[in-house]
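# Coordinates in review
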Amino acid sequence: MGVLDRAKSIPGLGTGEDEEPPPYICLACETGFEVQHHSCPACGSFDIRRSKWVEE
Ligand SMILES: [Zn+2]
């Protein structure tokens, strides 16, 4: 019955894990945002960057 045990231990199966990183992130406190803020609402830092640097 070792096959069933292995199947249950496969990562990502049946966990519903589909979290994606937020598009923007504060470099100071690493808080993620869905929209770009002028300053971080959490810590007030202006170091907010896009979490993904995708060249289009
Ligand atoms: Zn911050």
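Let us look at the structure shown here. (Residues numbered from 1 in each chain as written. Predicted model: local features only at pLDDT ≥ 70, side-chain atom pairs only at ≥ 80, totals over all residues. Heavy atoms only, no water.)

### Looking at the overall build of the chain
- Within the chain, the regular secondary structure consists of 1 helix and 3 strands.
- Along the chain, helices and strands appear, N-terminal first, in the series α-β-β-β.
- Burial status across the chain gives 11% buried among its 56 residues.
- Long-range contacts, defined here as pairs at least 24 residues apart, represent 24% of the contacts in the chain between residues at least 6 apart.
- Accessible area of the chain: about 5,100 Å², with a carbon and sulfur share of 52%. (Helix = DSSP H or I, 4+ residues; strand = E, 2+ residues; numbered from the N terminus. Buried < 20%, exposed > 50% of the residue type's maximum accessible area, 1.4 Å probe, protein only. Contact = heavy atoms within 4.5 Å. Areas by Shrake-Rupley, 256 points an atom, 1.4 Å probe, with all protein chains shown as cover.)

### Some details on the coordination of the zinc ion
- Here the zinc ion is held by the protein donor atoms Cys26 (SG), Cys29 (SG), Cys40 (SG) and Cys43 (SG), which lie 2.2 to 2.3 Å from it.
- Relative to the metal, the 4 donor atoms surrounding the zinc ion lie at angles of 106 to 116°, and the coordination shape comes out tetrahedral.
- Between consecutive donor residues of the zinc ion, the sequence gaps follow C-x2-C-x10-C-x2-C. Taken as a pair, Cys29 in the loop between β1 (24–26) and β2 (32–33) and Cys40 in the loop between β2 and β3 (48–50) lie far apart in primary sequence, 11 residues in all.
- What makes Cys40 buried here is its relative accessible area of 3%. (Donors = N, O, S within 2.8 Å, 3.2 Å for Na, K, Ca; no water. Tetrahedral: all angles 85-135°; square planar, octahedral: opposite > 155°, others 65-115°.)

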